[in-house]
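# Chains, contacts and geometry: an overview
Chain by chain, the residues run as shown.
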Amino acid sequence: MQNAIEVRNLSKKFHQFQLKGVSFTLPKGTIMGFVGENGAGKTTTIKCILNLLKKDYGEINIFEQHHVKNEKAIKEQIGVVFDDIHFPDMLSAKKINSIMKSVFSTWDEAYYFNLLKKLKVSENKSIKELSRGMKMKLSITIALSHHPKLLILDEPTSGLDPIVRDEILDLFLEYMQDETNSILFSSHITSDLEKIADYITLIHDGEILFSESKDILLYDYAIWRGTLDESKDLPEDAIIAVRENSFGFEILVKRHQVSTAFELIKPTIEEIMLFFVKGAPSNARFIDKRSSYTK
């Protein structure tokens, strides 16, 4: 399968922050949710992919081409949406069209105005007159209107109400009807990613903790809750991460390695993310504690 994005061992020191050997692959025709808390490295990674920041080390290929050596040709096929629109406030959608059709050889003026109409975005209002939701719809319309093969989205639904978010997600799913299209979707709103993503990649403190199929995460992992004594028959090699609270323990386990006698709960992406970020270092301590308790 051809890959839309390949990132291998990407390193970048940026002020006090550092990407540490970031690696993941976005297969062509799929959507990858790129998750992590604020400051985890999502935007830095995206800017390195786009060559807006120069990487210190590593390899980045887009459409199986070097992202810098073939930058101009690659960017003709990419649509980018950041968490705010990057055009002067005095411009209107109509004026932006006049600019963009001279930038992209594949700019589709008819599609652009049809999409504005569909999303109820004013052609004539200046950007400063638009609500946050309308600005984001305009930004996405601009990104789509030269028919890119890859969308790179950095928190496009952040701060939007659920109705606007749902409308935007539907637009991305419509875009993916062309099976040659791909999306890298950075977001901290994991419920959005559960609706549309094929893969989830979690970055924390500049490092990738996992990059996995969403279906594997949601159906092969499970959560068990109970006391230390009740956990004694949980297989040690089934335990992925542990969190302790005032009521006992929450344990992320490999579902198929745990007896059906245990009551297991299907996790959300957010719960899995929290286990990996806050629970994984607890494994050894928990297993030692459990071993001491059962002797």
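Here, the structure is the one placed above.
What comes next concerns the included structure. Keep in mind that this is a model prediction, so the values were computed, not measured. (Residues numbered from 1 in each chain as written. Predicted model: local features only at pLDDT ≥ 70, side-chain atom pairs only at ≥ 80, totals over all residues. Heavy atoms only, no water.)

Moving on, we get to the overall build of the chain. The helix and strand inventory of the chain stands at 10 helices and 13 strands. Split into buried and exposed, the 295 residues of the chain put 50% on the buried side. When contacts within the chain are restricted to residue pairs at least 6 apart in sequence, those whose partners lie at least 24 apart make up 70%. About 14400 Å² of surface is accessible on the chain, with carbon and sulfur atoms providing 49% of the total. Charge separation in the chain, taken as the distance between the mean sites of 38 positive and 42 negative side-chain charges, equals 5 Å. (Helix = DSSP H or I, 4+ residues; strand = E, 2+ residues; numbered from the N terminus. Buried < 20%, exposed > 50% of the residue type's maximum accessible area, 1.4 Å probe, protein only. Contact = heavy atoms within 4.5 Å. Areas by Shrake-Rupley, 256 points an atom, 1.4 Å probe, with all protein chains shown as cover. Lys, Arg positive; Asp, Glu negative; His and termini not counted. Charge placed at Lys NZ, Arg CZ, Asp CG, Glu CD.)

What follows concerns helix α6 (residues 162-175). Compared with the 20 Å implied by 1.5 Å per residue over 14 residues, the 20 Å span of α6 between its first and last C-alpha is a close match. Summarising the contacts, the buried residues of α6 are in contact with α4 (109-118), α5 (132-144), β7 (150-154), β8 (182-186) and α7 (190-196). Sitting at the head of α6, Asp-161 places a side-chain oxygen 2.9 Å from the backbone nitrogen of Ile-163. (Expected span 1.5 Å × (residues − 1). Polar contact = N/O pair within 3.5 Å; in protein donor to acceptor, adjacent residues only side chain to side chain.)

With that out of the way, let us pick up the sheet that holds strand β13 (residues 248-254). As summarised here, the arrangement of the 3 strands in space is β11-β13-β12, forming an open sheet in which the pairing is antiparallel. Two strands in the sheet have a free side with no partner beyond their single neighbour: β11 (221-226) and β12 (239-245). Averaged over all pairs of adjacent strands, the angle between strand axes in this sheet comes to 20°, irrespective of strand direction. Contacting β11, β12 and β13, helix α9 (residues 269-279) runs over the sheet at an angle of about 85° to β12. (Pairing = 2+ DSSP bridges. Axes fitted to C-alpha atoms, helices over the stretch in contact; angles between N-to-C directions.)

Among the nonpolar cores identified, the biggest contains 54 residues, and Tyr-112, Leu-138, Phe-172, Ile-183, Phe-185 and Leu-252 are the most heavily contacted of them. Excluding residues that lie within four positions of it along the chain, Leu-252 makes contacts with Tyr-221, Ala-222, Ile-223, Ala-238, Ile-239, Ile-240, Ala-241, Ile-272, Phe-275 and Phe-276. Formed by 27 residues, the second largest nonpolar core is a distinct cluster that contains Phe-34, Leu-50, Leu-150 and Leu-184. (Core = buried A, V, L, I, M, F, W, Y, C linked by side-chain atoms within 4.5 Å.)

To continue, consider the pattern of salt bridges. Should the charged atoms of two oppositely charged side chains come close, the side chains can pair. According to the stated counting rule, one finds 15 salt bridges in the structure shown. A single network of salt bridges, built from pairs that share partners, joins Glu-6, Arg-8 and Glu-59. (Salt bridge = Lys/Arg side-chain N within 4 Å of Asp/Glu carboxyl O.)

Quick look at the layout of surface pockets now. Put simply, the largest pocket is a space of about 480 Å³. Along the wall of the largest pocket there are 20 residues; nearest its centre are Gly-79, Val-80, Val-81, Phe-82 and His-86. Going through the elements one at a time, β6 (78-81) and α5 are the ones with two or more residues in the lining of the largest pocket. By residue number, the principal contributor to the lining of the largest pocket is β6, which donates 4 residues. Forming the boundary of the second largest pocket are 13 residues, of which Asn-38, Gly-39, Lys-42, Thr-43 and Asp-154 lie nearest the centre. At 3 residues, helix α1 (residues 42-49) tops the list of elements feeding residues into the lining of the second largest pocket. Per-class residue counts for the lining of the second largest pocket are 2 nonpolar, 6 polar and 5 charged. (1 Å grid on protein atoms, 1.4 Å probe; cavity = no way out; pocket = protein on both sides within 12 Å on 5 of 7 lines; lining within 4 Å. Points joined across faces, edges and corners; volume = space filled by probe spheres on them. Nonpolar A, V, L, I, M, F, W, Y, C, P; charged D, E, K, R; others polar.)

Once that is clear, we can look at the packing of aromatic side chains. The final tally for this structure, using the stated rule, is 7 aromatic pairs. Seen from their ring centres, Phe-172 and Phe-185 are 5.7 Å apart, and the 80° between their planes marks the pair as edge-to-face. Taken together, the residues span a long stretch of sequence, with Phe-172 in helix α6 and Phe-185 in strand β8 at a distance of 13 residues. On the accessibility criterion, Phe-172 (0% relative accessible area) is buried. Here the aromatic cluster, defined as three or more aromatic residues joined through ring pairs, consists of Trp-107, Tyr-112 and Phe-113. (Phe/Tyr/Trp six-rings, centres within 6.5 Å; stacked < 30°, edge-to-face > 60°.)

Pairing in this open sheet of 6 strands is mixed, and the strands run β6-β7-β8-β3-β9-β10 from one edge to the other. Each edge of the sheet is formed by a strand with only one pairing partner; in this case those strands are β6 and β10 (207-213). With strand direction ignored, the average angle separating the axes of adjacent strands in the sheet is 15°. Pairing of strand β3 (residues 31-35) with strand β9 (residues 199-204), which is carried by 4 bridges, proceeds in the parallel orientation. When the bridges of β9 are listed, Val-35 appears paired with Leu-202.

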